[in-house]
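Given next are the chains, with one letter for each unit.
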Amino acid sequence: AQKVTQAQTEISVVEKEDVTLDCVYETRDTTYYLFWYKQPPSGELVFLIRRNSFDEQNEISGRYSWNFQKSTSSFNFTITASQVVDSAVYFCALMGNTGTASKLTFGTGTRLQVTL
Amino acid sequence: DSGVTQTPKHLITATGQRVTLRCSPRSGDLSVYWYQQSLDQGLQFLIQYYNGEERAKGNILERFSAQQFPDLHSELNLSSLELGDSALYFCASSVVRAGQETQYFGPGTRLLVL
(Lines give C-alpha, C1' and ligand atoms only; values in the text may rest on other atoms or scores of the structure.)
Protein backbone atom coordinates (compact mmCIF):
# COMPACT_ATOMS: atom_id res chain seq x y z
CA ALA A 1 0.00 0.00 0.00
CA GLN A 2 1.15 3.50 -0.60
CA LYS A 3 0.81 6.43 1.75
CA VAL A 4 1.47 10.16 1.70
CA THR A 5 1.94 12.11 4.91
CA GLN A 6 1.74 15.86 5.19
CA ALA A 7 2.35 16.32 8.88
CA GLN A 8 1.90 20.09 8.85
CA THR A 9 -1.82 20.74 9.00
CA GLU A 10 -1.55 24.50 8.95
CA ILE A 11 1.31 26.97 8.56
CA SER A 12 1.12 30.70 9.03
CA VAL A 13 3.88 33.02 7.81
CA VAL A 14 4.34 36.71 7.20
CA GLU A 15 4.76 37.88 3.64
CA LYS A 16 8.31 37.63 2.28
CA GLU A 17 9.20 34.76 4.59
CA ASP A 18 10.37 31.51 3.06
CA VAL A 19 8.26 28.47 3.89
CA THR A 20 8.73 24.76 3.35
CA LEU A 21 5.87 22.30 3.12
CA ASP A 22 6.83 18.77 4.01
CA CYS A 23 5.74 15.61 2.20
CA VAL A 24 6.82 12.11 3.17
CA TYR A 25 5.69 9.10 1.22
CA GLU A 26 5.69 5.32 1.44
CA THR A 27 5.60 2.96 -1.52
CA ARG A 28 6.92 -0.42 -2.53
CA ASP A 29 6.99 0.51 -6.19
CA THR A 30 10.40 0.99 -7.73
CA THR A 31 9.15 3.66 -10.07
CA TYR A 32 6.53 6.21 -9.17
CA TYR A 33 5.47 9.80 -9.65
CA LEU A 34 5.17 12.54 -7.06
CA PHE A 35 2.89 15.53 -7.42
CA TRP A 36 2.05 18.83 -5.77
CA TYR A 37 -1.26 20.64 -6.21
CA LYS A 38 -2.56 23.97 -4.94
CA GLN A 39 -6.11 24.81 -3.93
CA PRO A 40 -6.64 28.54 -3.27
CA PRO A 41 -9.58 29.80 -1.20
CA SER A 42 -11.61 30.14 -4.40
CA GLY A 43 -11.68 26.34 -4.55
CA GLU A 44 -10.19 25.48 -7.89
CA LEU A 45 -7.36 22.99 -8.14
CA VAL A 46 -4.07 23.95 -9.70
CA PHE A 47 -1.45 21.45 -10.77
CA LEU A 48 2.07 22.48 -9.75
CA ILE A 49 4.48 19.68 -10.59
CA ARG A 50 4.96 16.01 -11.39
CA ARG A 51 8.31 14.41 -10.59
CA ASN A 52 9.43 10.96 -11.72
CA SER A 53 11.12 8.81 -9.10
CA PHE A 54 14.25 8.28 -11.16
CA ASP A 55 14.81 12.00 -11.53
CA GLU A 56 16.18 13.27 -8.24
CA GLN A 57 17.19 16.67 -9.54
CA ASN A 58 15.66 19.50 -7.62
CA GLU A 59 13.23 21.66 -9.55
CA ILE A 60 12.92 25.41 -9.42
CA SER A 61 10.14 27.43 -10.96
CA GLY A 62 10.25 31.09 -10.04
CA ARG A 63 9.70 31.35 -6.30
CA TYR A 64 8.78 27.67 -6.05
CA SER A 65 11.27 24.87 -5.57
CA TRP A 66 10.99 21.19 -4.87
CA ASN A 67 13.49 19.01 -3.05
CA PHE A 68 13.17 15.30 -3.84
CA GLN A 69 15.16 13.02 -1.52
CA LYS A 70 14.66 9.35 -2.27
CA SER A 71 16.82 8.34 0.70
CA THR A 72 14.33 9.91 3.11
CA SER A 73 11.23 9.36 0.93
CA SER A 74 10.48 13.05 0.96
CA PHE A 75 9.36 15.54 -1.65
CA ASN A 76 9.32 18.92 0.04
CA PHE A 77 8.05 22.14 -1.47
CA THR A 78 9.57 25.53 -0.68
CA ILE A 79 8.10 28.92 -1.45
CA THR A 80 10.66 31.69 -1.36
CA ALA A 81 9.59 35.21 -0.42
CA SER A 82 6.00 34.16 0.15
CA GLN A 83 3.15 36.38 -0.98
CA VAL A 84 -0.45 36.69 0.15
CA VAL A 85 -1.54 35.05 -3.12
CA ASP A 86 0.30 31.91 -2.02
CA SER A 87 -2.34 31.38 0.67
CA ALA A 88 -3.93 28.05 -0.20
CA VAL A 89 -4.14 24.40 0.72
CA TYR A 90 -1.30 22.44 -0.82
CA PHE A 91 -1.60 18.73 -1.54
CA CYS A 92 1.19 16.27 -2.15
CA ALA A 93 0.38 13.04 -3.99
CA LEU A 94 2.02 9.80 -5.11
CA MET A 95 1.22 7.60 -8.08
CA GLY A 96 2.68 4.14 -8.00
CA ASN A 97 3.58 2.73 -11.37
CA THR A 98 2.65 -0.91 -11.53
CA GLY A 99 1.16 -0.95 -14.98
CA THR A 100 -2.61 -1.15 -14.97
CA ALA A 101 -2.69 -1.02 -11.20
CA SER A 102 -1.46 2.56 -11.01
CA LYS A 103 -3.15 4.52 -8.28
CA LEU A 104 -2.81 8.11 -7.12
CA THR A 105 -2.84 8.75 -3.37
CA PHE A 106 -3.13 12.19 -1.81
CA GLY A 107 -1.91 13.57 1.46
CA THR A 108 -4.33 15.41 3.69
CA GLY A 109 -3.01 18.79 2.66
CA THR A 110 -1.25 21.69 4.35
CA ARG A 111 -3.09 24.98 4.70
CA LEU A 112 -0.71 27.89 4.20
CA GLN A 113 -1.75 31.32 5.41
CA VAL A 114 0.41 34.24 4.32
CA THR A 115 -0.33 37.52 6.05
CA LEU A 116 0.93 41.06 5.55
CA ASP B 1 -9.45 29.63 -17.86
CA SER B 2 -7.82 26.20 -18.03
CA GLY B 3 -9.68 25.13 -21.17
CA VAL B 4 -11.28 22.20 -19.36
CA THR B 5 -15.04 22.39 -19.01
CA GLN B 6 -17.27 20.51 -16.65
CA THR B 7 -21.04 20.34 -16.66
CA PRO B 8 -23.14 20.85 -14.74
CA LYS B 9 -21.57 23.27 -12.25
CA HIS B 10 -24.04 22.33 -9.54
CA LEU B 11 -26.32 19.34 -9.10
CA ILE B 12 -28.85 18.63 -6.39
CA THR B 13 -30.47 15.24 -6.33
CA ALA B 14 -31.95 12.66 -3.98
CA THR B 15 -30.61 9.46 -2.52
CA GLY B 16 -30.98 6.48 -4.81
CA GLN B 17 -30.81 8.56 -7.97
CA ARG B 18 -28.31 8.42 -10.81
CA VAL B 19 -26.40 11.34 -12.28
CA THR B 20 -23.88 11.88 -15.06
CA LEU B 21 -21.07 14.39 -14.85
CA ARG B 22 -19.39 15.50 -18.02
CA CYS B 23 -15.87 16.68 -18.70
CA SER B 24 -14.49 18.15 -21.91
CA PRO B 25 -10.69 18.20 -21.95
CA ARG B 26 -8.49 20.80 -23.55
CA SER B 27 -8.21 20.39 -27.28
CA GLY B 28 -5.68 17.66 -28.05
CA ASP B 29 -5.25 16.40 -24.49
CA LEU B 30 -5.62 12.63 -24.51
CA SER B 31 -5.68 11.99 -20.78
CA VAL B 32 -8.54 12.70 -18.38
CA TYR B 33 -8.48 12.30 -14.61
CA TRP B 34 -11.44 12.31 -12.23
CA TYR B 35 -11.15 13.36 -8.59
CA GLN B 36 -13.57 13.60 -5.69
CA GLN B 37 -13.22 16.07 -2.83
CA SER B 38 -15.42 15.77 0.24
CA LEU B 39 -15.16 16.95 3.82
CA ASP B 40 -15.06 13.36 5.09
CA GLN B 41 -12.68 11.76 2.62
CA GLY B 42 -10.56 14.70 1.54
CA LEU B 43 -9.21 14.73 -1.99
CA GLN B 44 -9.33 11.37 -3.70
CA PHE B 45 -8.35 10.13 -7.13
CA LEU B 46 -11.08 8.17 -8.84
CA ILE B 47 -9.92 7.13 -12.29
CA GLN B 48 -7.77 8.11 -15.27
CA TYR B 49 -8.38 7.52 -18.96
CA TYR B 50 -5.94 7.87 -21.78
CA ASN B 51 -7.24 8.01 -25.34
CA GLY B 52 -10.32 6.02 -24.45
CA GLU B 53 -8.62 3.38 -22.33
CA GLU B 54 -8.58 3.13 -18.56
CA ARG B 55 -5.03 3.97 -17.38
CA ALA B 56 -5.26 4.05 -13.59
CA LYS B 57 -7.91 3.39 -11.01
CA GLY B 58 -8.25 4.78 -7.53
CA ASN B 59 -10.90 4.68 -4.86
CA ILE B 60 -13.81 4.50 -7.24
CA LEU B 61 -16.87 2.78 -5.85
CA GLU B 62 -18.61 0.03 -7.80
CA ARG B 63 -21.67 2.31 -7.99
CA PHE B 64 -19.56 4.72 -10.00
CA SER B 65 -18.40 4.22 -13.56
CA ALA B 66 -16.66 6.32 -16.11
CA GLN B 67 -15.73 6.29 -19.74
CA GLN B 68 -13.88 8.36 -22.29
CA PHE B 69 -15.46 8.72 -25.69
CA PRO B 70 -13.80 8.85 -29.14
CA ASP B 71 -14.01 12.65 -29.11
CA LEU B 72 -12.06 12.46 -25.80
CA HIS B 73 -14.75 13.89 -23.57
CA SER B 74 -15.40 11.86 -20.46
CA GLU B 75 -18.40 11.09 -18.33
CA LEU B 76 -18.57 9.98 -14.72
CA ASN B 77 -21.75 8.12 -13.83
CA LEU B 78 -22.79 7.94 -10.20
CA SER B 79 -25.68 5.63 -9.34
CA SER B 80 -27.64 4.61 -6.25
CA LEU B 81 -26.51 7.87 -4.75
CA GLU B 82 -25.96 8.15 -1.01
CA LEU B 83 -25.64 11.18 1.22
CA GLY B 84 -21.92 10.54 1.46
CA ASP B 85 -21.51 11.02 -2.28
CA SER B 86 -22.05 14.74 -1.80
CA ALA B 87 -18.77 16.24 -2.90
CA LEU B 88 -16.95 18.36 -5.39
CA TYR B 89 -15.98 16.35 -8.46
CA PHE B 90 -13.07 17.63 -10.51
CA CYS B 91 -11.79 16.45 -13.80
CA ALA B 92 -8.43 17.32 -15.30
CA SER B 93 -6.89 16.78 -18.67
CA SER B 94 -3.19 16.41 -19.12
CA VAL B 95 -0.44 16.61 -21.66
CA VAL B 96 3.07 15.19 -21.48
CA ARG B 97 5.85 17.11 -23.19
CA ALA B 98 9.49 16.03 -22.97
CA GLY B 99 8.55 13.62 -20.22
CA GLN B 100 6.92 16.33 -18.12
CA GLU B 101 3.22 16.14 -17.42
CA THR B 102 1.00 19.14 -16.84
CA GLN B 103 -2.58 18.73 -15.66
CA TYR B 104 -5.28 21.30 -16.28
CA PHE B 105 -8.29 21.26 -13.99
CA GLY B 106 -11.88 22.04 -14.70
CA PRO B 107 -13.89 24.18 -12.28
CA GLY B 108 -15.58 21.16 -10.73
CA THR B 109 -19.14 19.93 -10.34
CA ARG B 110 -20.63 20.35 -6.90
CA LEU B 111 -22.99 17.47 -6.14
CA LEU B 112 -25.41 17.60 -3.26
CA VAL B 113 -27.36 14.47 -2.42
CA LEU B 114 -30.37 15.06 -0.17
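Parameters at a glance
Residues numbered from 1 in each chain as written. Chains lettered and ligands numbered in written order. Predicted model: local features only at pLDDT ≥ 70, side-chain atom pairs only at ≥ 80, totals over all residues. Heavy atoms only, no water. Core = buried A, V, L, I, M, F, W, Y, C linked by side-chain atoms within 4.5 Å. Buried < 20%, exposed > 50% of the residue type's maximum accessible area, 1.4 Å probe, protein only. Helix = DSSP H or I, 4+ residues; strand = E, 2+ residues; numbered from the N terminus. Contact = heavy atoms within 4.5 Å. Polar contact = N/O pair within 3.5 Å; in protein donor to acceptor, adjacent residues only side chain to side chain. Phe/Tyr/Trp six-rings, centres within 6.5 Å; stacked < 30°, edge-to-face > 60°. Lys NZ or Arg CZ within 6 Å of the ring centre and 35° of its normal. Disulfide = S-S within 2.5 Å.

Peer 1: Explanation requested: the nonpolar core in the structure shown.
Peer 2: One recurring pattern in soluble globular proteins: nonpolar side chains tend to sit buried together. Residues and elements named next belong to chain A. Counting 23 residues, the largest nonpolar core has Trp 36, Phe 77, Tyr 90 and Leu 112 as the members making the most contacts within it. Looking at this core, the elements with two or more residues in it are β2 (10-14), β3 (19-21), β5 (32-39), β8 (64-69), β9 (74-79), β10 (88-96) and β12 (110-115). It is β10 that contributes the most residues to this core, four residues altogether. Other than its neighbours up to four places away in sequence, Phe 77 contacts Val 19, Thr 20, Leu 21, Trp 36, Leu 48, Tyr 64, Ser 65, Trp 66 and Tyr 90.

Peer 1: In this structure, what is going on with the side chain of A:Thr105? I would like to understand it.
Peer 2: Residue and element names in this part refer to chain A. Examined against the element boundaries, Thr 105 turns out to sit in strand β11 (residues 103-106). Engagement of the side chain of Thr 105 in a polar contact is seen with the side chain of Gln 2, the distance being 2.9 Å. Those residues in contact with Thr 105 that lie beyond four places of it in its chain are Gln 2, Val 4, Cys 92, Ala 93 and Leu 94.

Peer 1: It is not clear to me how the packing of aromatic side chains should be interpreted in this structure. Could you clarify?
Peer 2: For any pair of aromatic rings, the description consists of the separation of the ring centres together with the inter-plane angle of the planes. Per the stated rule, a full pass over the model turns up 21 aromatic pairs over all chains. A ring pair is formed by A:Trp66 and A:Phe77, whose centres lie 5.0 Å apart and whose planes are at 5 degrees; its orientation type is stacked. You can see A:Trp66 sitting in strand β8 and its partner A:Phe77 sitting in strand β9, a full 11 residues away along the chain. Taken as a pair, A:Trp66 and A:Phe77 share a single burial class, namely buried. Considering the side-chain rings of A:Phe68 and A:Phe75, the 5.9 Å spacing of their centres and the 85 degrees angle between planes classify their relative orientation as edge-to-face. Overall, A:Phe75 belongs to the buried group, its relative accessible area being 0%. Positioned over the ring face of A:Tyr33 is A:Arg50, at 4.0 Å from the centre of the ring. Across the ring face of B:Tyr104, the terminal group of B:Arg26 is positioned such that the distance to the ring centre comes to 3.7 Å.

Peer 1: When you look at the state of the cysteines in this model, what are you seeing that I'm missing?
Peer 2: Throughout this description, disulfide means a covalent bond between two cysteine sulfur atoms. Going through the model one piece at a time under the given rule, you end up with two disulfides over all chains. Paired by a disulfide, A:Cys23 and A:Cys92 hold their sulfur atoms 1.9 Å apart. The disulfide joining A:Cys23 to A:Cys92 has a torsion of about -65 degrees about its S-S bond and is therefore left-handed. Taken together, the residues A:Cys23 in the loop between β3 and β4 (24-26) and A:Cys92 in strand β10 connect sequence positions 69 residues apart. Accessibility assignment for this pair places A:Cys23 and A:Cys92 in one class, buried. Across a sulfur-sulfur distance of 1.9 Å, B:Cys23 and B:Cys91 are joined as a disulfide pair. Linking B:Cys23 and B:Cys91, the disulfide has an S-S dihedral of approximately 75 degrees and is accordingly described as right-handed. You can see B:Cys23 sitting in strand β3 (residues 19-24) and its partner B:Cys91 sitting in strand β9 (residues 87-97), a full 68 residues away along the chain. Looking at B:Cys23, the relative accessible area reads 0%, which means it is buried. On the basis of relative accessibility, which here comes to 0%, the residue B:Cys91 falls in the buried class.

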